[in-house]
Amino acid sequence: MTAQDDAALLALTAGGDRNAFEAFYRRHAPWLRLRLCYRCADDALVDDVVQETFLAVWTGAAATFRPRDTDAAAWLWRIGSRRLIDALRRRTSRDRLGRLLARLRGRDESSAEEQVLIGLEHGDLGGALARLSPELRAVIRATVLDGLSTAEAAVLLGIPTGTVKTRAMRARRQLREELA
């Protein structure tokens, strides 16, 4: 095939001709992949870049090809090499962010939820909860701390829904008296 054949294939591809695109792909994908492999040792990344390059050709870049300015191989290489540079930059940024997050995860800072639960355990409310009977405490834990509905708490605790409501009311009353 000649440069004129490539120009014709790209013109047909710009018009939506799938067969022309496939012919262009079969002609250029192997050498593009090989040439990108010289620049990057990650085969998976190279495969992604080749795919992105030809996707760009299919979705509109073919319409920008001007045979009088350059040949198709040089034009395709320019698209592929730019896609590779972008992919390597994204990967470098992602790796840098990953390392930063890993360092931050190593710190012993408790989350807001952990701080609230610590306050519940060791504060006035924690002591008041500890003084509730086990039945009342179980209902409060299920409905308030775990966020279950009355029906869900009834299933979890194995008691009727009305009993859950009564115990929750008793527990709230006892807690109000102790915390007042």
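Structure shown above.
Note on numbering: residues in each chain are counted from 1, in written sequence order. Since the coordinates come from a predicted model, pLDDT governs what is reported: local features require at least 70, and pairs of side-chain atoms require 80 or more to be given and counted, while whole-chain, interface and lining totals use all residues. Side-chain calculation: all heavy atoms of the structure are included, whereas hydrogens and water are not.

1. Comments concerning the packing of helix α6 (residues 124–131) against helix α9 (residues 161–179)
Then comes step 1: One way to put it is that α6 packs onto α9 with a least axis distance of 10 Å and a crossing angle of 135°. By the angle between their directions, the pair α6 and α9 is classed as oblique. Seen from above, α6 lies across α9 with right-handed handedness. Between α6, through Asp124, Leu125, Ala128, Leu129 and Arg131, and α9, the contact on the second element is made entirely by Gln174, Leu175, Glu178 and Leu179. In this analysis an axis means a line fitted to C-alpha atoms, helices contributing only their contacting stretch, and an angle means the value between N-to-C directions, from 0 to 180 degrees. Numbering of helices and strands runs from the N terminus, with a helix taken as a DSSP run of H or I at least four residues long and a strand as a DSSP run of E at least two residues long. Any angle that falls under 35 degrees is termed roughly parallel, while one over 145 is termed roughly antiparallel, one within 65 to 115 roughly perpendicular, and all others oblique. Handedness of each helix crossing follows the sense of rotation of the near helix against the far helix: counterclockwise by less than a right angle gives left-handed, clockwise gives right-handed. In what follows, a contact means two residues having at least one pair of non-hydrogen atoms within 4.5 Å.

2. Describing the pattern of salt bridges
Then comes step 1: Throughout this description, the term salt bridge denotes a Lys or Arg side-chain nitrogen within 4 Å of a carboxyl oxygen of Asp or Glu. Using the criterion set out here, one finds seven salt bridges in the structure.
Then comes step 2: A salt bridge links Arg33 to Asp43, with the nearest nitrogen and oxygen atoms 3.8 Å apart. On the criterion of sequence distance, the pair formed by Arg33 in helix α2 (residues 18–39) and Asp43 in helix α3 (residues 43–58) is long-range, its members being ten residues apart.
Then comes step 3: Looking at Arg33, the relative accessible area reads 28%, which means it is partly exposed.
Then comes step 4: On the basis of relative accessibility, which here comes to 42%, the residue Asp43 falls in the partly exposed class.
Then comes step 5: Between Asp42 and Arg91 there is a salt bridge; the shortest N-O distance is 2.7 Å. Of this pair, Asp42 sits in the loop between α2 and α3 while Arg91 sits in helix α4 (residues 72–105), and the two are 49 residues apart along the sequence.
Then comes step 6: Overlapping salt bridges bring together Arg33, Asp43 and Asp47 as one network. Note on classification: 1.4 Å probe, protein chains only; a residue is buried when its accessible area is under 20% of the maximum for its type, exposed when over 50%, partly exposed between these limits.

3. Considerations on the packing of aromatic side chains
Then comes step 1: Side-chain rings of Phe, Tyr and Trp, where Trp is taken by its six-membered ring, are said to pair if the distance between their centres is within 6.5 Å; with planes under 30 degrees apart they count as stacked, over 60 as edge-to-face, and otherwise as tilted. All chains considered together, the criterion is met by five aromatic pairs.
Then comes step 2: A centroid spacing of 6.2 Å and a plane angle of 65° characterise the contact between Phe24 and Phe54, whose relative ring orientation is edge-to-face. Within this pair, whereas Phe24 is found in helix α2, its partner Phe54 is found in helix α3, the two being separated by 30 residues in sequence. Both residues of the pair, Phe24 and Phe54, count as buried.
Then comes step 3: Connected via pairs of aromatic rings, a cluster forms that spans Phe21, Phe24, Tyr25, Phe54 and Trp58.
Then comes step 4: Remark: a charge is flagged as sitting over a ring if the NZ atom of Lys or the CZ atom of Arg is within 6 Å of the ring centre and within 35 degrees of the ring normal. For the cation-ring pair, Arg35 lies above Trp77, with the distance from its terminal atom to the ring centre recorded as 4.0 Å.

4. Here's the deal with the environment of Phe21
Then comes step 1: Here Phe21 lies in helix α2.
Then comes step 2: For Phe21, a relative accessible area of 15% gives the class buried.
Then comes step 3: When the C-alpha atoms of Phe21 and Phe54 are compared, they prove to be 8.8 Å apart, with 33 residues separating the residues in sequence.
Then comes step 4: Filtering out sequence-adjacent residues up to four positions away, Phe21 remains in contact with Thr13, Phe54, Val57 and Trp58.

5. With respect to the side chain of Ser81
Then comes step 1: Within the secondary structure layout, Ser81 lies in helix α4.
Then comes step 2: Of note is the side chain of Ser81, whose polar atom sits 3.2 Å from the backbone oxygen of Arg78. Throughout this description, a polar contact denotes any pair of N or O atoms lying within 3.5 Å of each other; where both atoms belong to protein, one of them has to be capable of donating a hydrogen while the other can accept it, and for residues adjacent in sequence the pair is counted only when both atoms sit in side chains.

6. Quick notes on the side chain of Thr53
Then comes step 1: Within the secondary structure, Thr53 sits in helix α3.
Then comes step 2: Classification of Thr53 by relative accessible area gives buried; the value is 0%.
Then comes step 3: Beyond its immediate chain neighbours, meaning those up to four positions away, Thr53 contacts Leu32, Leu76, Ile79, Gly80 and Arg83.

7. A word on a positive patch on the surface
Then comes step 1: A patch consists of residues whose relative accessible area exceeds 30% and which take part in no salt bridge; residues with like charges are grouped when within 9 Å of each other, and nonpolar side chains (Val, Leu, Ile, Met, Phe, Trp, Tyr) when within 5 Å. Only the protein chains shown count as cover for residues, and all accessible areas are computed by the Shrake-Rupley method using a 1.4 Å probe. Asp and Glu count as negative and Lys and Arg as positive, but His and the ends of the chain are not part of the count. Every charge is mapped onto a representative atom, which is NZ of Lys, CZ of Arg, CG of Asp or CD of Glu. A contiguous patch of positive charge on the surface is contributed by Arg170, Arg172, Arg173 and Arg176.
Then comes step 2: Here Arg170 shows up in helix α9.

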